[in-house]
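# Structure at a glance
Below, each chain spelled out in residue letters.
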Amino acid sequence: MSGSITRFGVIGTGRITRRLVADLQSTEGVEVTAIASRSGERARWYGDQYGIGAGVEGYAGLLKRDDVDAVYISLPPSMHAEWAIAAAQAGKHVLCEKPLTVSVAETIAVDDACRDAGVRWLDATGWLHHDRTDAFVGWLDDQRFGKLGHISASVSFFQPFQSDDHRLDATLGGGCILDLGWYAGGLVRFATGKLPLWVSADAVMIDGVSQRLTAIMGFGDDVTATLSCGYDTATRKWFEIAGSESSLICDDFTRPWPDRPARCWIHDAAGTVQSETFEGHQERNMITKLVGDKSLARYQRQAIDTQTILDSLQQSIDAGGAKVSTPRPF
Ligand SMILES: NC(=O)C1=CN([C@@H]2O[C@H](COP(=O)(O)OP(=O)(O)OC[C@H]3O[C@@H](n4cnc5c(N)ncnc54)[C@H](OP(=O)(O)O)[C@@H]3O)[C@@H](O)[C@H]2O)C=CC1
Ligand SMILES: O=C1CO[C@H](CO)[C@@H](O)[C@@H]1O
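Procedures and definitions
- Residues numbered from 1 in each chain as written.
- Chains lettered and ligands numbered in written order.
- Predicted model: local features only at pLDDT ≥ 70, side-chain atom pairs only at ≥ 80, totals over all residues.
- Heavy atoms only, no water.
- Near = heavy atom within 4 Å.
- Polar contact = N/O pair within 3.5 Å; in protein donor to acceptor, adjacent residues only side chain to side chain.
- Areas by Shrake-Rupley, 256 points an atom, 1.4 Å probe, with all protein chains shown as cover.
- Helix = DSSP H or I, 4+ residues; strand = E, 2+ residues; numbered from the N terminus.
- Buried < 20%, exposed > 50% of the residue type's maximum accessible area, 1.4 Å probe, protein only.
- UniProt positions renumbered as here; feature names shortened; annotations may be inferred.
- Nonpolar A, V, L, I, M, F, W, Y, C, P; charged D, E, K, R; others polar.
- pLDDT = per-residue confidence, 0-100.
- Contact = heavy atoms within 4.5 Å.
- Pairing = 2+ DSSP bridges.

- In the nomenclature of an unreviewed UniProt entry, the protein corresponds to 1,5-anhydro-D-fructose reductase from the organism Rubripirellula tenax.

## Focus on the site of ligand 1
- As a structural note, the neighbourhood of ligand 1 is formed by 25 residues, with Thr13, Ser37, Arg38, Arg42 and Tyr59 the closest of them.
- Note that an oxygen atom of ligand 1 is positioned 2.4 Å from one of the side-chain N or O atoms of Thr13.
- Within the contact set of ligand 1, an oxygen atom lies 3.3 Å away from a side-chain nitrogen or oxygen of His80.
- Protein coverage of the free-state accessible area of ligand 1, which is 890 Å², stands at 85%.
- At three residues, the largest contribution of residues to the shell around ligand 1 is made by helix α1 (residues 15-25).

## Here's the deal with unusual backbone geometry
- A cis amide bond, omega -15°, links Lys98 with the succeeding residue Pro99.
- At Asp207, a position not held by glycine, the phi torsion is positive, near 50°.
- Along the chain, Asp207 turns up in the loop between β8 (198-206) and β9 (209-218).
- Taking the relative accessible area as the measure of exposure, Asp207 reaches 73% and is therefore exposed.
- For Asp221, which is not glycine, the phi torsion reads 55° and is therefore positive.

## Things to note about the UniProt feature "domain: GFO/IDH/MocA-like oxidoreductase" (unreviewed entry) in the protein
- Here the UniProt-annotated "domain: GFO/IDH/MocA-like oxidoreductase" (unreviewed entry) positions come out as residues 139-248.
- The span residues 139-248 carries 17% helix and 42% strand; its end-to-end C-alpha distance comes to 10 Å.

## Structural notes on the site of ligand 2
- Every residue close to ligand 2 is listed here: Lys98, Phe157, Arg167, Asp179, Leu180 and Tyr183.
- In this structure, Arg167 approaches ligand 2 through a side-chain N or O atom, which is 2.8 Å from an oxygen atom.
- Measuring from an oxygen atom of ligand 2, one finds a side-chain N or O atom of Asp179 at 2.6 Å.
- When isolated, ligand 2 has an accessible area of 290 Å², and the protein chains bury 67% of it.
- A per-class count over the shell around ligand 2 returns three nonpolar, no polar and three charged.

## Some words on the confidence of the model for the protein
- A residue-level look at the protein finds 98% of positions with pLDDT of 70 or above and a mean pLDDT of 96.
- Predicted confidence in the protein is weakest over strand β15 (residues 324-325), with a mean pLDDT of 95, and strongest over helix α4 (residues 80-89), with 99.

## A closer look at the side chain of Thr17
- By the element assignment, Thr17 lies in helix α1.
- Classification of Thr17 as buried rests on a relative accessible area of 0%.
- There is a polar contact of 2.6 Å between the side chain of Thr17 and the backbone nitrogen of Gly14.
- A polar atom in the side chain of Thr17 sits 2.9 Å from the side chain of Ser74.
- Sequence-distant contacts of Thr17, that is, excluding residues within four places in its chain, are made with Val10, Gly12, Ile35, Tyr46, Tyr72 and Ser74.

## Regarding the pairing of β8
- Inspection of the sheet shows β8 paired to β9 by nine bridges, in the antiparallel sense. In the strand pairing of β9, Val204 is matched with Arg212.
- Between β8 and β9, which pair antiparallel and follow one another directly, the connecting turn spans two residues, one of which, Asp207, has a positive phi of 50°.
- Of the strand pairs in this sheet, β8 and β15 are connected by two bridges, and their pairing is antiparallel. Opposite Trp198, over in β15, you have Ser325 as the bridge partner.

Structure follows, in C-alpha cells:
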C-alpha cells in the first residue's frame, strides 16, 4: 500500500470489468494503477479509455509490479483459482469475481494461499455488501420472521445459445449452476446461516453445460429451500424467506433495478404489507471492506459454504437427482 491508498491491478478486460473499474476508481482510498490482458494492445487500449496508467501484456507481469497492492480478477470461472493463488503468492490482496472458483477444493486452496501469504480476500458478490443486506442480517438475528420455514430463490436471464460466452463453455467453468446458482445457493446459505443436510437437484444440460437448475434442500428442523436458475427464462433475481410470523420478499437481491432504490417487502400473518427502500452502493461497500482491516471471515465462510452447496448440487445431478448429503469441508 502507498500511505492509506490501496493500488489495484485489474486482471481481464471483460464485460464486468468496466463497471468494477469505475467502482474501484470511485471508492475512497483506492486507485487503479494497472490493467492486464492476454493482449498488450487490448490492455493499453483499456488503460487509455478508463484512465489506468499501465496496460500490461500477460497477467503474470501485473503480479510483479510494485505499484499493485491488490488485484481484481474478472476472468472466466475456471481461471479464478489459478490467478487468485498466484496473486496471493505475489503478496497481493485478492478481489475475485464470483463464482470464487469451480469447486470447494479450489476455494479452500485459495483461502489457504491467502492465509499463508497474509493477504486478504473477498469474492465480488456485491449483494452481500448492500446496506439493505445489513438490514436483512438484523431482522434474521432478531427472528423478526418467527421460525424459518421455507426459502426460495430464483435467478435467471434469457441468453440461450450465445456460443462465444464463457457461460456456455464447460472448459471455462460455464453453466448456470455456478454462474447463477452462486447467487441462489448463496442466498439460502445466508438466510439459514448454515449448510443444508441434503440436496436434490436436476439440470437441463446442452453440450455438457447447465442451462437450467431446479433444486430442493433440507436443513433439518423442518426448514426447506428451493432454487430455480436458468438461461432460458427472462430476468429473475428474487427471493422469499418465509417464517411463522412473516415473510421477507425481495425482487432484486443480486443488484437493485437500475431505475429505483433497493427494496423489499414484509408480509405478516395479519395480512399487512410493509415495504422498505434502501440507498447505498454495494460494490463500493465491498471494496471498502476488502481494503479495510476488519475481519472478512464471515464473507469467506459464506463463499466456502456456497461453493460446498454447488458441489453437492452437481453431485446430486450426476446421481440422477438423488438426495445427497452435504459434506462439511472443515
Ligand atoms: N459480480 C457481477 O455482478 C458479475 C460477475 N461476473 C463474473 O465475472 C467474471 C467474468 O465475466 P464477464 O466479464 O462476463 O466475462 P467476459 O468473457 O466478458 O470477460 C472475461 C475476460 O477474461 C479474459 N480471458 C482470459 N482467458 C479467456 C478465455 N479463454 N476466454 C474468455 N475470456 C478469457 C479476457 O480478457 P483478456 O483477453 O483481455 O485477458 C476476457 O475479457 C465471471 O466469473 C462472471 O461470473 C460477470 C458479470 C457480472
Ligand atoms: O454475475 C452475474 C450477474 O448476473 C448475470 C445474470 O444477469 C450473470 O450472468 C453474471 O455472471
